[in-house]
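Observations on the three-dimensional arrangement
The chain contents come next:
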Protein chains: 2
Amino acid sequence: MTSERESVLRVGAVVGIRPETIETYCDLHANPWPEVQAATSRAGISNYSIFLMPEKNLLFSYYEYRGADRAADARELAQNPVMKDWWALCRPCQVPLVTVEGSRRWTDLRPIFFQK
Amino acid sequence: MTSERESVLRVGAVVGIRPETIETYCDLHANPWPEVQAATSRAGISNYSIFLMPEKNLLFSYYEYRGADRAADARELAQNPVMKDWWALCRPCQVPLVTVEGSRRWTDLRPIFFQK
């Protein structure tokens, strides 16, 4: 059970998707690799949803981060060979919506409202 | 505490925002009316976040619905005078991204992935 006093960071992010890869991307995420799920869970990520807006070729993701150091957890994830293999399949499907550095695709959104 | 067997519907949605109304919309949602929060909670909605993407004038929302009949709860909300007053302030800020019926603004997205 989650303590009410536990710190939770709610992360919303968006990225474009190449229309010709929507089926591939959905198939990948309908059958996620257990090692990827274990690694993201260890990195403090939970209650993780991805949604598709096919009319606009957009993906929207929402997850909750309950770790102590999001940047450190992200760096560790980025060094995981299984994650690299997974992202090598996902990234070619994605189109950044704003200018991004390096291999990052998703753009974090600005939280403006929360209701428990 | 939430039962593991309880049915949860995770809803992601998107809507455009008129850039000249972003400040108004953010102010409204930084100071939500307690009656609106009580009504949406009674309608089965919880863990409700709204995110802004200022670069693209988009709003994304995520919430969890734990009621028994989402359509019936939505109809009851729509008849609540406080909700009507609240939406009368919010709706002029919003731009539907796809053709919608009636006063609806948000477009529900298609869930393609969930990880607990």
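Here the structure is a predicted model, which is why all the values come from computation and not from measurement.

What to know about the side chain of Gln115(A)
By the secondary structure assignment, Gln115(A) is in strand β6 (residues 110-115). On the basis of relative accessible area, Gln115(A) is assigned to the buried category, the value being 6%. Of note is the side chain of Gln115(A), whose polar atom sits 2.9 Å from the side chain of Thr40(B). Leave out the neighbours within four places in its chain, and Gln115(A) touches Gln37(B), Thr40(B), Ser41(B), Ser46(B), Asn47(B) and Tyr48(B).

Some points on the interface of chain B and chain A
The interface of chain B with chain A comprises 41 residues on the first partner and 40 residues on the second. Both faces combined, the contact of chain B with chain A buries some 3700 Å², and carbon together with sulfur accounts for 65% of it. Of all residues in chain B, Ile112(B), Phe113(B) and Gln115(B) give up the largest surface area on contact with chain A, accounting jointly for 21% of the area buried on that side. The tally of links from chain B across to chain A stands at zero salt bridges. Viewed at the interface, chain A and chain B are joined by 22 residue pairs in polar contact (both at pLDDT 80 or more). The leading source of residues in the side of chain B that touches chain A is strand β2 (residues 45-53) of chain B, at eight residues. Tallied by class, residues from the side of chain B that touches chain A come to 24 nonpolar, 11 polar and six charged. The pairing of β6(A) with β2(B) spans five bridges and is classified as antiparallel. In the strand pairing of β2(B), Arg110(A) is matched with Leu52(B).

A word on the relation of the copies chain B and chain A
Placing chain B over chain A gives an RMSD of 0.0 Å and needs a rotation angle of 180 degrees, together with 0.0 Å of translation along the axis. The superposition operator between the copies reduces to a two-fold rotation axis. Of all interface residues in chain B, 98% are interface residues in chain A too; the two copies therefore contact each other through one and the same surface.

Observations regarding the packing of aromatic side chains
Between two aromatic rings, the relevant description is the distance of the centres plus the angle of the planes. For the structure shown, the criterion picks out 12 aromatic pairs over all chains. Between the aromatic rings of Phe60(A) and Phe60(B), the centroid separation amounts to 4.6 Å while the plane-to-plane angle is 20 degrees, which identifies the pairing as stacked. Taken together, the positions of Phe60(A) in strand β3 (residues 58-65) and Phe60(B) in strand β3 (residues 58-65) put the pair across two chains. Judged by relative accessible area, which is 1%, Phe60(B) ranks as buried. Three or more aromatic residues joined by ring pairs make a cluster, and in this case those are Phe51(A), Phe60(A), Tyr62(A), Phe51(B), Phe60(B) and Tyr62(B).

Here's the deal with the environment of Trp86(A)
Residue and element names in this part refer to chain A. Of note, Trp-86 is situated in helix α4 (residues 81-90). On a C-alpha basis, the gap between Trp-86 and Thr-107 in space is 19 Å, while along the polypeptide they are 21 residues apart. Those residues in contact with Trp-86, other than ones at most four positions away along the chain, are Leu-28, His-29, Pro-32, Trp-33 and Val-36.

Considering the packing of helix α2 (residues 34-42) of chain A against α4(A)
The axes of two packed helices give the description: the angle between them and the distance between them. Residue and element names in this part refer to chain A. Relative orientation of the contacting elements α2 and α4 amounts to 115 degrees, with a least axis distance of 9 Å. Of the two elements, α2 crosses α4, and the hand of that crossing is left-handed. On α4, the residues that touch Glu-35, Val-36, Ala-39 and Thr-40 of α2 are Val-82, Met-83 and Trp-86. Class assignment for the residues of the contact of α2 with α4 results in five nonpolar, one polar and one charged.

A closer look at the pairing of β3(A)
Each regular strand displays side chains that alternate between the two surfaces of the sheet. Residue and element names in this part refer to chain A. Within β3, eight of the eight residues are buried, leaving the element largely enclosed by the surrounding structure. Here β3 shows no split at all, with Leu-58, Phe-60, Tyr-62 and Glu-64 on one side and Leu-59, Ser-61, Tyr-63 and Tyr-65 on the other all buried. Pairing between strand β1 (residues 9-17) and β3: eight bridges, direction antiparallel. Bridging from a neighbouring strand, Gly-16 pairs with Leu-58 of β3. As judged from the seven bridges shared by strand β2 (residues 45-53) and β3, these two strands associate in the antiparallel manner. Across the sheet, residue Leu-52 finds its bridge partner in β3, namely Leu-59. Joining the antiparallel neighbours β2 and β3 is a turn of four residues, in which Asn-57 adopts a positive phi near 50 degrees.

Thresholds applied
- Residues numbered from 1 in each chain as written.
- Chains lettered and ligands numbered in written order.
- Predicted model: local features only at pLDDT ≥ 70, side-chain atom pairs only at ≥ 80, totals over all residues.
- Heavy atoms only, no water.
- Helix = DSSP H or I, 4+ residues; strand = E, 2+ residues; numbered from the N terminus.
- Buried < 20%, exposed > 50% of the residue type's maximum accessible area, 1.4 Å probe, protein only.
- Polar contact = N/O pair within 3.5 Å; in protein donor to acceptor, adjacent residues only side chain to side chain.
- Contact = heavy atoms within 4.5 Å.
- Buried area = accessible area lost by both parts, 1.4 Å probe.
- Salt bridge = Lys/Arg side-chain N within 4 Å of Asp/Glu carboxyl O.
- Nonpolar A, V, L, I, M, F, W, Y, C, P; charged D, E, K, R; others polar.
- Pairing = 2+ DSSP bridges.
- Least-squares fit on C-alpha atoms with pLDDT ≥ 70 in both.
- Phe/Tyr/Trp six-rings, centres within 6.5 Å; stacked < 30°, edge-to-face > 60°.
- Axes fitted to C-alpha atoms, helices over the stretch in contact; angles between N-to-C directions.
- Left-handed = near helix turned anticlockwise from the far one by under 90°.

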